[in-house]
Amino acid sequence: MIKYYTRACNFKYGSIARQLIKNKRALPLCGNKDISFDEIEVISRNKNKIYSKTINYKKISLLRSSQKNKVMKDLKSITSKRKNFLKHVNFFEPSIMGILNLTPDSFSDGGTFNTNKKSLKHITKMIKSGANIIDVGGESTRPGSKTIIPSVEWKRVQYVIEKFKRKYKKTCLSIDTRKSDLMIKCTKYGVDLINDVSGFNHDQKALVKLKKYNIARVIHHMQGTPKTMQKKPRYQNVLLDIYDFFEKNVEKHFGNKKIILDPGIGFGKNLKHNLTLISKIS
């Protein structure tokens, strides 16, 4: 069975983008007239064979009917306006997520801010520097890291989670956890976003428990576990394999549509995989 994919290409920005859209020479990305595109890459996948061609969006009518129908459907999604579902976050502007690792062993800043005073001071500094989302984590998921029990993880993040919304009312709070117990606890303290690097696959109870909570979630892609993910990661085609992962999971598990996709740069990917994802993220 042949599967088709559509990727927006050849972007223009700002006043140039707006003029092109006005003159009907380009389309808006996600309904945002400050970002336009006028070309699409049409990718065909048939088992192990992958074919690709890039065309101007006005030449879609020249495609075979099966391709044309799929591309037209995709274009409708690509150009439709996204709804803001996170308080104090505007999806039509770039957002900065500040990371607070309350762990002794995270690869970047483990142990640096994991006292109550230092953690709040660092949050304040990140917000003043432009962060409008703060992502709090109590378990390292660096390559080779081991899983910790929920009680230890909660103890690490508890102070910040309980105090955050009292002090930073206009900042989006994200909890980075793979444990359903922590997810539910955090919702009681006004957490806006749940960021699970396992794509909600680590804890099988997570999605069931979250059904009654209308809370936004990050669907993250990771091949393997933090302990195993960098042991020779392999894909048939990293771009299409991860797209398929998201497509399958969005349709099956995430009906409320309050979702953000994270391809998981560095999580079960080598350098070539990462560069492919970054360069063809659209």
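Scroll up to find the structure this text is about.
Residues numbered from 1 in each chain as written. Predicted model: local features only at pLDDT ≥ 70, side-chain atom pairs only at ≥ 80, totals over all residues. Heavy atoms only, no water.

### Notes on the overall build of the protein
In step 1: For the protein, the count of helices and strands is eight helices and 10 strands.
In step 2: Relative to the compact-globule value of 19 Å for 282 residues, the protein shows a C-alpha radius of gyration of 21 Å, a close match.
In step 3: A total of 282 residues make up the protein; the buried ones form 44% of that total.
In step 4: The long-range share in the protein, meaning contacts at least 24 apart out of those at least 6 apart in sequence, stands at 62%.
In step 5: Each charge class in the protein was averaged separately, 58 positive and 22 negative side chains, and the resulting centres sit 2 Å apart. (Helix = DSSP H or I, 4+ residues; strand = E, 2+ residues; numbered from the N terminus. Rg over C-alpha atoms; globule rule 2.2 N^0.38 Å. Buried < 20%, exposed > 50% of the residue type's maximum accessible area, 1.4 Å probe, protein only. Contact = heavy atoms within 4.5 Å. Lys, Arg positive; Asp, Glu negative; His and termini not counted. Charge placed at Lys NZ, Arg CZ, Asp CG, Glu CD.)

### Some remarks on the pairing of strand β6 (residues 133-137)
In step 1: The element β6 is largely enclosed, with a buried count of five among its five residues.
In step 2: Here β6 shows no split at all, with Ile133, Asp135 and Gly137 on one side and Ile134 and Val136 on the other all buried.
In step 3: Strand direction decides the pairing type here: strand β5 (residues 97-101) and β6, joined by five bridges, are parallel. Note on β6: the bridge partner recorded for glycine 98 is isoleucine 134. (Pairing = 2+ DSSP bridges.)

### Regarding the environment of histidine 202
In step 1: With respect to the helices and strands, the residue histidine 202 is situated in the loop between β8 (193-196) and α6 (206-209).
In step 2: The sequence separation of histidine 202 and arginine 178 amounts to 24 residues, and the corresponding C-alpha distance is 6.1 Å.
In step 3: Ignoring any residue separated from it by four or fewer positions in sequence, one finds histidine 202 in contact with Thr147, Arg178 and Lys179.

### Considerations on the side chain of lysine 179
In step 1: With respect to the helices and strands, the residue lysine 179 is situated in the loop between β7 (172-176) and α5 (180-187).
In step 2: Lysine 179 sits in the buried class, given a relative accessible area of 6%.
In step 3: Among the polar contacts made by the side chain of lysine 179, one reaches the side chain of glutamate 153 at a distance of 2.6 Å.
In step 4: Each residue touching lysine 179, except ones within four places of it in the same chain, is listed here: Glu139, Thr147, Ile148, Ile149, Pro150, Glu153, His202 and Asp203. (Polar contact = N/O pair within 3.5 Å; in protein donor to acceptor, adjacent residues only side chain to side chain.)

### Considerations on the side chain of histidine 221
In step 1: Assignment of secondary structure puts histidine 221 in the loop between β9 (216-220) and α7 (238-253).
In step 2: Here lysine 269 takes part through its side chain, which lies 2.8 Å from a polar atom of the side chain of histidine 221.
In step 3: When sequence neighbours within four positions are dropped, the list of residues in contact with histidine 221 reads Val197, Tyr235, Ile242, Phe245, Phe246, Asp262, Pro263, Gly264, Phe267 and Lys269.

### With respect to the packing of helix α3 (residues 116-128) against helix α4 (residues 150-167)
In step 1: Look at α3 against α4: their axes get within 11 Å of each other, and the N-to-C directions meet at 40 degrees. Judged by the angle between their axes, α3 and α4 are oblique. In the crossing of α3 with α4, the sense of the turn from one axis to the other is right-handed. Packed against α3, whose contacting residues are Asn116, Ser119, Leu120, Ile123 and Thr124, the element α4 presents Tyr159, Val160, Phe164 and Lys167 at the interface.
In step 2: Tallied by class, residues from the contact of α3 with α4 come to five nonpolar, three polar and one charged. (Axes fitted to C-alpha atoms, helices over the stretch in contact; angles between N-to-C directions. Parallel < 35°, antiparallel > 145°, perpendicular 65-115°, else oblique. Left-handed = near helix turned anticlockwise from the far one by under 90°. Nonpolar A, V, L, I, M, F, W, Y, C, P; charged D, E, K, R; others polar.)

### Some points on the sheet that holds β7
In step 1: Taking strand neighbours across the sheet as the criterion, the six strands line up as β5-β6-β7-β8-β9-β10 in an open arrangement whose pairing is parallel. Edge positions in the sheet fall to β5 and β10 (259-262), since each of these pairs with one other strand and no more. Each adjacent strand pair in this sheet contributes to an overall mean axis angle of 20 degrees, direction not counted.
In step 2: Sheet analysis places β7 next to β8, joined by three bridges and oriented parallel. Within β8, the residue paired with isoleucine 175 across the bridge is isoleucine 194.
In step 3: The sheet strands contacting α3 are β5 and β6, and the helix crosses β5 at an angle near 165 degrees.
In step 4: Relative to the sheet, α7 contacts β9 and β10, its axis offset from that of β9 by approximately 145 degrees.

### Looking at α5
In step 1: Of all eight residues in α5, six are buried, a share of seventy percent or more.
In step 2: Those residues of α5 that are buried lie in contact with α4, β7, β8 and α6.

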